Amino acid sequence: MTPEAKILVINATIVLIAYLGIYPSMPQKTGKAMARSDAVLTALSLLTAGTLFAGKGVSFSLILFNTNWFVFSSVTFLLIETPFLIRFCRRHDIDLFGGDE
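Participant: Which residues make up helix 3 (residues 69–91), and what are the values?
Facilitator: Compared with the 33 Å implied by 1.5 Å per residue over 23 residues, the 33 Å span of helix 3 between its first and last C-alpha is a close match. If you look at helix 3, its biggest bend is around 35°, right at Glu81, and the proline Pro83 turns up within four residues after that. Listed as buried for helix 3 are Trp69, Phe72, Ser73, Thr76, Phe77, Glu81, Phe88 and Cys89. For helix 3, the elements touching its buried residues are helix 1 (3–22), helix 2 (31–53), strand 1 (60–61) and strand 2 (66–67). Taking the backbone nitrogen of Phe70 as reference, a side-chain oxygen 3.3 Å away marks Asn68 as the first, capping residue of helix 3. The positive-phi residue at the C-terminal boundary of helix 3 is Asp93, with phi of around 50°.

Participant: Any chance you could break down the packing of helix 1 against helix 3 for me, citing the residues and the numbers?
Facilitator: Between helix 1 and helix 3, the shortest axis-to-axis distance is 9 Å and the interhelical angle comes to 30°. Accordingly, the angle class assigned to the pair helix 1 and helix 3 is roughly parallel. Crossing handedness for the pair helix 1 and helix 3: right-handed. Contacts between helix 1 and helix 3 pair Glu4, Ile7, Leu8, Asn11, Ala12, Ile14, Val15, Leu16 and Tyr19 from the former with Trp69, Phe72, Ser73, Thr76, Phe77, Ile80, Glu81, Phe84, Leu85 and Phe88 from the latter. When its residues are assigned to classes, the contact of helix 1 with helix 3 shows 14 nonpolar, three polar and two charged.

Participant: Can you break down the environment of Asn66 residue by residue, with the values?
Facilitator: Turning to its location among the elements, Asn66 is positioned in strand 2. The exposure class of Asn66 is exposed, given its relative accessible area of 56%. As for Asn66 and Lys29, which are separated by 37 residues in sequence, their C-alpha atoms are 37 Å apart. Excluding its chain neighbours within four sequence positions, the residues that come into contact with Asn66 are Ser59, Phe60 and Ser61.

Here is what the cut-offs are and how they apply
- Residues numbered from 1 in each chain as written.
- Predicted model: local features only at pLDDT ≥ 70, side-chain atom pairs only at ≥ 80, totals over all residues.
- Heavy atoms only, no water.
- Helix = DSSP H or I, 4+ residues; strand = E, 2+ residues; numbered from the N terminus.
- Expected span 1.5 Å × (residues − 1).
- Bend = angle between axes of the 7 residues up to and from the residue.
- Buried < 20%, exposed > 50% of the residue type's maximum accessible area, 1.4 Å probe, protein only.
- Contact = heavy atoms within 4.5 Å.
- Polar contact = N/O pair within 3.5 Å; in protein donor to acceptor, adjacent residues only side chain to side chain.
- Axes fitted to C-alpha atoms, helices over the stretch in contact; angles between N-to-C directions.
- Parallel < 35°, antiparallel > 145°, perpendicular 65-115°, else oblique.
- Left-handed = near helix turned anticlockwise from the far one by under 90°.
- Nonpolar A, V, L, I, M, F, W, Y, C, P; charged D, E, K, R; others polar.

Read these as geometric descriptors, not functional statements.
Here it is in structure tokens:
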């Protein structure tokens, strides 16, 4: 499995667990609660990728340019998560830009 594929599988797995298990079971479904959980899940993704690839000099392709593991993992996590986030927020009437204390 290529290094890119490993990170994509890690990120997709974390996002699926979050949106199929963690977020639906949250007692308070608010933007703030999701942001706190998402920060932990993003850190988990970066920690896992860093454990696998930090200091190894592996280059990752983001189609238009090559980058390191940190940028690749961050960007792909964001891209994988965005459609799930939009759908979840619409379904649960969550305003990510305020309105929930």
